[in-house]
Number of protein chains: 2
Amino acid sequence: MAVTIADVARTAGVSASTASRAFNHPHRLRAETVARVKAAAEELGFRHNRHAKALSTGRSSALGLIVPDLSNPFFPPLVHATQLNAEEQGYSLYILSSEHNANREQQLARLVSHDVAGLILASPRMSAAQVRVIAREVPTILINAQVKGIPTVLVSAAGAIADAVEDGAEKGISGVSYIGSDERWWPNTEREESARAAAERHGVPYRRLSLSEPTYEAAREVVRSVEIRSHELVVAFDDIVAHGVLDGMGARGYRPPRDFRILGCDDALPISTSPALSTVHLDTRMAARIAVDLLLGEGAGEPQTVVVSGSYRPGATI
Amino acid sequence: MAVTIADVARTAGVSASTASRAFNHPHRLRAETVARVKAAAEELGFRHNRHAKALSTGRSSALGLIVPDLSNPFFPPLVHATQLNAEEQGYSLYILSSEHNANREQQLARLVSHDVAGLILASPRMSAAQVRVIAREVPTILINAQVKGIPTVLVSAAGAIADAVEDGAEKGISGVSYIGSDERWWPNTEREESARAAAERHGVPYRRLSLSEPTYEAAREVVRSVEIRSHELVVAFDDIVAHGVLDGMGARGYRPPRDFRILGCDDALPISTSPALSTVHLDTRMAARIAVDLLLGEGAGEPQTVVVSGSYRPGATI
DNA sequence: GTGAAAGCGCTAACAG
DNA sequence: CTGTTAGCGCTTTCAC
């Protein structure tokens, strides 16, 4: 049916093992032989059977990527970039979505762990203990989470949030409110903590408003019941939450930057709005590249932590 | 290293083939034997090696899904639903993004075609001829595209657009403008054609405004140079284009529904806006379910076409 | 530098 | 109903 390496070997006039070596250990062969085999392969349209290869070598040529929610615009660019980088190294990618459910996430991770050469957990919901269970079964990289001993890429908004608060301070904000979920989830806690620290640094009052979920609707509702103080800077978990706040405040007649100021995060929405939202731009493509590199590159396995810093992107709302 | 079926067989006191049959043809075994094997498997934590299985059976337990653009909010729900349905049937999913590039799409399709049991092409950019090349190599299902002889799921906005135009006609629109890209791409042509037909049916003037790309920015720009006529109904390719139009028109002081009316499509944005956009809701989860079923279910292979009709979802802009 | 042979883990005839 | 045997396509010792 399909073209096998035996076919290639035959038309190249060598044995199957030599044909195999032409691809896997070309330096152990005469250059001329390698060329002949590759020509034959090209001619016949040969492509390795990944299952046979995986079975015989004991390693897979696929990677796994687990995200909490493909529908959140933060993730698709990350997913796509991961795909590109994986592909570049000859790996394909299993993408799985956990629906923000820690148990399902672990279940998915275990499910693919035996079938992939490595696993990338993006903004995982699992506990550190659960992550360690997975990491014991398969090489694992974390994005936006921290577990001791496991290589990590942090897409950090902290510096950018500090810049935004500073910008606000110069314009005379009366305080800082962070609006996010109250979960201990790295993307949330990092942003919350940096907003708090920045407020403190500038000597303005700080508070946290908690959402049951970081959604547009939840954000819109919360500012209906909670008074946003005049000239306050709202630091929203992400752009979606920020727009919920804008909508809720708008319904009450409050507009930024006249009545309050607001900062979003992620800069990944497919649409803009007026006034243009001030936000934090995060380089998820770079994060993906680094994550794949940590998995497959030179120093693979070293439990290093790489931080990719976002940048403050002023709009019209601060 | 890992637990093999031979290990299971040994602890269950049967041969490897019997152990294998316990999973693949349980009805051909005594119930008691099946139970014993499964208990042993459970006890040892056995899991099939998918590569060995694929190699020996000649079929893969993975499906492939190719989308043009993961970042467009239309696709993530479709992707996720496909994943769930595939998983339910014991398949995992390779997700690939073509970046709206026909050649890359075909290249990706060929790349995975040998590794999957079936392929779903969602809103493909490939030509019919290119699709046929792929379909010859692997069972293929089309979503939002039509190629004779290949099973298809159409997520249709036509009826909903007709409903919206009718709603507009009752409110006295002066004409219909369709704003989309000018490509021959099923999602675009279906929407365009249904807008045109509905305008004709209601006896109002129709025109098409073409975008180089169906993006927020392109839409915003086009309404800066093209005059939208008073009380016209703009049928936008999708919600992103619609919001671009809203922004561009808003900058000139025009607001719906006072000055013009507008309909979006897809209903998948993570945020709302005011005024709430009238749009077309499409059931992509259902489409995914059907697509997977067409691939793996009973009548698999039959080149039937299933249409999943969207519904008009009135907001405040019509 | 290259070939022959064995084996990865599993399933599918073929016997019994 | 169950065991024996062969083999999926590839890589890899081990010889030469």
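Just so it is clear, the structure is predicted and the values come from calculations on it, not from any experiment.

## Quick word on the pattern of salt bridges
Going through the model one piece at a time under the given rule, you end up with 42 salt bridges over all chains. Between Asp115 of chain B and Arg50 of chain A there is a salt bridge, with its nearest N and O atoms 2.9 Å apart. Of this pair, Asp115 of chain B sits in the loop between helix 6 (102-113) and strand 3 (118-122) while Arg50 of chain A sits in helix 4 (residues 50-57), placing the two residues on different chains. For Asp115 of chain B, a relative accessible area of 8% gives the class buried.

## Observations regarding the packing of aromatic side chains
Under the counting rule described, the total for this entry stands at seven aromatic pairs over all chains. Seen in terms of ring centroids, Phe74 of chain A and Phe75 of chain A are 5.0 Å apart; in terms of plane orientation they differ by 90°. Their pairing is edge-to-face. A single burial state applies to Phe74 of chain A and to Phe75 of chain A, both of which are buried. Its end group placed over the ring of Phe237 of chain A, Arg191 of chain A keeps NZ or CZ at 4.8 Å from the ring centre. If you follow Arg125 of chain B out to its NZ or CZ, it ends over the ring of Trp185 of chain B, 4.0 Å from the centre.

## A closer look at unusual backbone geometry
The omega torsion across Ser274 of chain A and Pro275 of chain A is -5°, close enough to zero to call that bond cis. For Pro275 of chain A, the position within the fold is in the loop between strand 9 (261-263) and strand 10 (279-281). Unlike most non-glycine residues, His100 of chain B shows phi in positive territory, near 60°. Mapped onto the secondary structure, His100 of chain B falls in the loop between strand 2 (92-97) and helix 6. Here His100 of chain B falls in the partly exposed class, since its relative accessible area comes to 35%.

## Observations regarding the UniProt feature "domain: HTH lacI-type" (unreviewed entry) in chain A
Look at the UniProt record and you will see "domain: HTH lacI-type" (unreviewed entry) annotated at residues 3-57 of chain A. Helix makes up 71% of residues 3-57 of chain A and strand 0%, whereas the separation of the span's terminal C-alpha atoms amounts to 20 Å.

## Things to note about the relation of the copies chain B and chain A
You can overlay chain B on chain A at an RMSD of 0.1 Å; the transform is a turn of 180° with a shift of 0.0 Å along its axis. With respect to symmetry, the two chain copies, as superposed, fit the operation of a two-fold axis. Rotation axis and chain B: the residue whose C-alpha lies nearest the axis is His51 of chain B, separated from it by 2.2 Å. Of the interface residues in chain B, 100% have counterparts in chain A that sit at the interface too, so the contact is made through matching surfaces.

## Section: the sheet that holds strand 9 of chain A
All names here are of chain A. Read from one edge of the open sheet, four strands run 7-6-8-9, paired in parallel fashion. The sheet terminates laterally at strand 7 (206-211) and strand 9, the two strands that pair on one side only. Across the sheet, the mean angle from the axis of one strand to that of its neighbour is 20°, orientation sign disregarded. Pairing geometry for strand 6 (residues 175-181) and strand 7, over six bridges, is parallel. If you follow Ser177 over to strand 7, its bridge partner there is Arg207. Sheet strands in contact with helix 8 (residues 158-170) are strand 6, strand 8 (232-236) and strand 9, and its direction is about 165° off that of strand 8. Sitting on the sheet, helix 9 (residues 186-201) touches strand 6, strand 7 and strand 8, and the angle it makes with strand 6 is about 170°.

## Examining the protein's contact with DNA strand D
Close to DNA strand D lie 25 residues; Ile5 and Ser56 of chain A together with Ser17, Thr18 and Thr33 of chain B are nearest. Note that a phosphate oxygen of DNA strand D is positioned 3.1 Å from one of the backbone N or O atoms of Arg30 of chain B. Here Thr33 of chain B contributes a side-chain N or O atom positioned 2.6 Å from a phosphate oxygen of DNA strand D. Of all the elements in the fold, those that place two or more residues in the surface near DNA strand D are helix 2 (16-24) and helix 4 of chain A together with helix 2 (16-24) and helix 4 (50-57) of chain B.

## Description of the side chain of Ser278 of chain A
Positionally, Ser278 of chain A belongs in the loop between strand 9 and strand 10. Residue classification places Ser278 of chain A among the buried positions, given a relative accessible area of 0%.

## Section: the interface of chain B and chain A
Residue-level contacts link 44 residues of chain B with 44 residues of chain A. Both sides of the chain B and chain A interface together cover about 3,700 Å² of buried area, and 57% of this is carbon and sulfur. When the buried area of chain B at its contact with chain A is split by residue, His51, Tyr94 and Ile271 of chain B rank highest and sum to 18% of it. Inspection of the region where chain B meets chain A yields four salt bridges. Here chain B is connected to chain A by 18 residue pairs in polar contact (both at pLDDT 80 or more). Elements supplying a minimum of two residues to the side of chain B that touches chain A: helix 4, helix 5 (75-88), strand 2, helix 6 and helix 11 (239-251) of chain B. At seven residues, the largest contribution of residues to the side of chain B that touches chain A is made by helix 5 of chain B.

Procedures and definitions
Residues numbered from 1 in each chain as written. Chains lettered and ligands numbered in written order. Predicted model: local features only at pLDDT ≥ 70, side-chain atom pairs only at ≥ 80, totals over all residues. Heavy atoms only, no water. Salt bridge = Lys/Arg side-chain N within 4 Å of Asp/Glu carboxyl O. Helix = DSSP H or I, 4+ residues; strand = E, 2+ residues; numbered from the N terminus. Buried < 20%, exposed > 50% of the residue type's maximum accessible area, 1.4 Å probe, protein only. Phe/Tyr/Trp six-rings, centres within 6.5 Å; stacked < 30°, edge-to-face > 60°. Lys NZ or Arg CZ within 6 Å of the ring centre and 35° of its normal. UniProt positions renumbered as here; feature names shortened; annotations may be inferred. Least-squares fit on C-alpha atoms with pLDDT ≥ 70 in both. Contact = heavy atoms within 4.5 Å. Pairing = 2+ DSSP bridges. Axes fitted to C-alpha atoms, helices over the stretch in contact; angles between N-to-C directions. Near = heavy atom within 4 Å. Polar contact = N/O pair within 3.5 Å; in protein donor to acceptor, adjacent residues only side chain to side chain. Buried area = accessible area lost by both parts, 1.4 Å probe.

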